[in-house]
Amino acid sequence: MTHLTLLHLTFVGPDKEPATVAFGPKLTVIYGASETGKSFILDSIDYALGTGDLREIVEANGYTRILLGIRLPDGETITLSRAPGAKKIDIFDGDLRRFTTAAPKRTLAATHSGTSKNNLSHYLLTIIGADGRNVRTNAAGKLRTLSFRDLAHLCLIDEGRMADERSPVLVSGQYTNRTVEKSIFRFLLTGDDESDGPTGPSDVDKKVGKGKLDLLDQLITTTETSLTMEANATQLLDQLTRLEATLASSSAAAANLVAQRSAVAENHRALDAQGSDNRRRAEELQTLLARFGLLRQQYESDLARLQMVAEAGNLLGYFRTGPCVFCGATPEHQQPGHHLDETTQLQAAVTAETRKTNELHADLLTTIEDLEDQLDDLDHEHSQLRAQATKRHRELATYDERLAPLHTDTKDLLAVRSQIHAELAIHAQIQRLHDVKASLTSTAAPAQPARSPGIPAATLLEFERKIQQTLQAWKVPGDSSVSYDQSTAEITVDGRPRHTRGKGMRSIIHAAFTTALASYATQRNLTHPGFVVLDSPVLTYREPHENDTRLTHNVVEHFYRGLLNDFPNQVVVIENGDPPNDIDAYAQVYPFSTQGSQRVGFFPAQNES
């Protein structure tokens, strides 16, 4: 039997405790709370087996290698080692579960190539005996070599695809991929590839529109070379959805910080305005004090002058001879006591002027003292405003430090979003070119359309019965009669197409299809990787107003019993709900963040690392 067996998935890194799960030879169940890394285990297995990228989660920070241990059909073991974001995969002999700097046995490209053997796809396909097999890519009979990714899509089923309305055969959901996806399914069921090709149109019909078809082929090839991301349109749309959610979350966090920063900045501006107003008022007071200082000097000069005049008048009043110093009268014209009257009038005038000037001087001093007090108050207020403004400045710097990485992340996310939009536009252009080519091909040879030989009726009937037996073993309500439409790839159970069923039934039918396909291939020694990983196959609820059968606990229990007793391959089940209580004795079981569980999730808790 040329099948592979998964041994373990391990994340390692320097100075990091390994994050690992070991897989049982038959059934492994990983269940528990959400956000514990359960679905990330499936994504990581897929990544180690050559898928394009691996989503980033904070728990994986510091881990530099993803190790996937595999037992080969001959009993030997190897370990695939891939770094996050790497395009190459290292192969080590033996079961490696620790960080190492040793050189690998060989290094292979992660991406399949039909012309090169130095890639993981060729390596694994050679091991399971399927290298060099061909599948049909379009109705005209164009062929390409089988990739290991073609097989991985049918044995690694994530939660989104499990309940998706599209057929389990039509993995990508792209119309242009329907032919190749049905061809891959046909190969797994029959073991026959498309090497012989179909009967095409006549030589005369081939000449019709050949120039246009060649030109379209050239345009399609040229357009495909402009693609830079290893993802189809469906995967790009999924990435875009996750990216938009991340952008929304990042924008919300940034908006909250910006709002807080704006409030602090507004307060800072208000403090600056108050400080400016404070300095303006202080300058006005200083100008007034300068002017009042000059006025004070004037008053004091006037008082000194008045005092001098008073003293001079007193002295002058004692002269008895000569003309009067006040009126100029000669002695003969002066009356007795003349100089006393004049002296008294001068003294009264000086006294009155002195009193008035003293009053003005006293008022001025009071005013100056009041202005100086106001200036002191303004200086104290200015010191407080400066202290508050400095504090707000530090707060603004802190907000800027917190916002800087958010702005950088948002800028990077926007750049990736622009790239995805550009890639989707290229995919749409390729699709349009394929549509034009298909219309020309159908016009050129309407009488002899190229067709795949299809799945023989007897083979298809056996496989339909295999799915029916699986659903009956799991006690799914109904007769579980199954039919497969080769033209649409739709699976019908009890007369109802799968896409018309509710989420719970779509999931259980998808799980039955996937396990039946693996079991069918194993029992007939046909090509299959040999293992199956199912994420959320048994949903125990139904959507509101959903007119569909509800999967009871009885179905869940028989689902696990059936995998243990009837399924010949290795299977890993990832679920939120608990499995049967006694399954631990027969299967490898990992409860994450459940009552009594010893593990919080796939990655060790921070205080454990």
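Residues numbered from 1 in each chain as written. Predicted model: local features only at pLDDT ≥ 70, side-chain atom pairs only at ≥ 80, totals over all residues. Heavy atoms only, no water.

1. Quick notes on the pairing of strand β3 (residues 27-32)
(1) Moving on: By the criterion of burial, β3 is predominantly enclosed, with 6 of the 6 residues buried.
(2) Moving on: In β3, alternate side chains face the same way, and those of L27, V29 and Y31 on one face and T28, I30 and G32 on the other are all buried.
(3) Moving on: Pairing analysis gives 5 bridges linking β3 to strand β15 (residues 570-575), with the strands arranged parallel. By the bridge assignment, I30 is partnered in β15 with I574.
(4) Moving on: Pairing of β3 with strand β16 (residues 588-592) involves 5 bridges; the strand directions are parallel. When the bridges of β16 are listed, T28 appears paired with Q588. (Buried < 20%, exposed > 50% of the residue type's maximum accessible area, 1.4 Å probe, protein only. Helix = DSSP H or I, 4+ residues; strand = E, 2+ residues; numbered from the N terminus. Pairing = 2+ DSSP bridges.)

2. Quick look at a negative patch on the surface
(1) Moving on: Negative charge collects at one region of the surface, where E369, D370, E372, D373, D376, D377 and E381 lie side by side.
(2) Moving on: Relative to the elements of secondary structure, E372 occurs in helix α9 (residues 338-444).
(3) Moving on: Relative accessible area serves as the criterion here: at 41%, E372 is assigned to the partly exposed category. (Patch = residues over 30% accessible without salt bridge, like charges linked within 9 Å, V, L, I, M, F, W, Y side chains within 5 Å. Areas by Shrake-Rupley, 256 points an atom, 1.4 Å probe, with all protein chains shown as cover. Salt bridge = Lys/Arg side-chain N within 4 Å of Asp/Glu carboxyl O. Lys, Arg positive; Asp, Glu negative; His and termini not counted. Charge placed at Lys NZ, Arg CZ, Asp CG, Glu CD.)

3. Side note on the sheet that holds strand β4 (residues 65-71)
(1) Moving on: With respect to topology, 6 strands assemble into an open sheet ordered β2-β1-β4-β5-β6-β7, the strand pairing being antiparallel. Edge positions in the sheet fall to β2 (19-22) and β7 (106-109), since each of these pairs with one other strand and no more. Averaged over all neighbouring strand pairs, the angle between strand axes comes to 20°, with direction disregarded.
(2) Moving on: Two elements, strand β1 (residues 5-12) and β2, share 4 bridges in a ladder whose sense is antiparallel. (Axes fitted to C-alpha atoms, helices over the stretch in contact; angles between N-to-C directions.)

4. Here's the deal with the confidence of the model for the protein chain
(1) Moving on: In the predicted model, the protein chain carries a mean pLDDT of 85, and the fraction of residues at 70 or more is 87%.
(2) Moving on: pLDDT under 50 marks residues 541-547. Its contacts with residues more than four places away, or in other chains, come to 7 contacts. (pLDDT = per-residue confidence, 0-100. Contact = heavy atoms within 4.5 Å.)

5. Some remarks on the pairing of β15
In regular strands, side chains alternate between the two faces of the sheet.
(1) Moving on: Within β15, 6 of the 6 residues are buried, which leaves the element mostly enclosed by the surrounding structure.
(2) Moving on: Residues Q570, V572 and I574 line one face of β15 and the alternating positions V571, V573 and E575 line the opposite face, and both faces are buried.
(3) Moving on: Pairing of strand β14 (residues 531-535) with β15, which is carried by 5 bridges, proceeds in the parallel orientation. Its bridge partner lying in β15, D535 is registered against I574.

6. Structural notes on the nonpolar core
(1) Moving on: Core analysis: the biggest nonpolar cluster contains 104 residues, and L9, F11, L27, I45, L49 and F559 have the highest contact counts within it.
(2) Moving on: At 11 residues, helix α11 (residues 503-523) tops the list of elements feeding residues into this core.
(3) Moving on: Counting 10 residues, the second-largest nonpolar core is a separate cluster that includes A231, L240, L247 and L413. (Core = buried A, V, L, I, M, F, W, Y, C linked by side-chain atoms within 4.5 Å.)

7. Description of the pattern of salt bridges
(1) Moving on: Throughout the structure, instances matching the rule amount to 22 salt bridges.
(2) Moving on: The closest approach of N and O atoms between R305 and D302, which form a salt bridge, is 3.8 Å. With R305 and D302 both in helix α8 (residues 233-316), this residue pair falls 3 residues apart, about one helical turn.
(3) Moving on: Owing to a relative accessible area of 43%, R305 belongs among the partly exposed residues under this scheme.

8. Structural notes on helix α2 (residues 120-127)
(1) Moving on: Of all the 8 residues making up α2, 6 are buried; the element is thus mostly covered by neighbouring parts of the structure.
(2) Moving on: Those residues of α2 lying buried are L120, S121, H122, Y123, L124 and L125.
(3) Moving on: Of the surrounding elements, those touching the buried residues of α2 are α1 (38-48), β5 (77-82), β6 (88-93), β7 and α3 (148-152).
(4) Moving on: Of the residues flanking the start of α2, the one acting as N-cap is N119, its side-chain oxygen 3.3 Å from the backbone nitrogen of S121. (Polar contact = N/O pair within 3.5 Å; in protein donor to acceptor, adjacent residues only side chain to side chain.)

9. A closer look at the packing of helix α5 (residues 178-190) against α11
(1) Moving on: The contact between α5 and α11 brings their axes to 8 Å, and the two run at 45°. By the angle between their directions, the pair α5 and α11 is classed as oblique. Taken together, the residues of α11 that come into contact with α5 (itself represented by F185, L188 and L189) are F513, L517, Y520 and A521. (Parallel < 35°, antiparallel > 145°, perpendicular 65-115°, else oblique.)

10. Some words on the sheet that holds β15
As a general point, the strands of a sheet are linked pairwise by backbone hydrogen bonds and lie either parallel or antiparallel.
(1) Moving on: Pairing within the open sheet is parallel, and its 5 strands lie in the order β10-β14-β15-β3-β16. Strands with a single pairing partner mark the edges of an open sheet, and in this sheet they are β10 (156-157) and β16.
(2) Moving on: On top of the sheet, α11 reaches β10 and β14; it is set at about 175° to β14, its chief contact.

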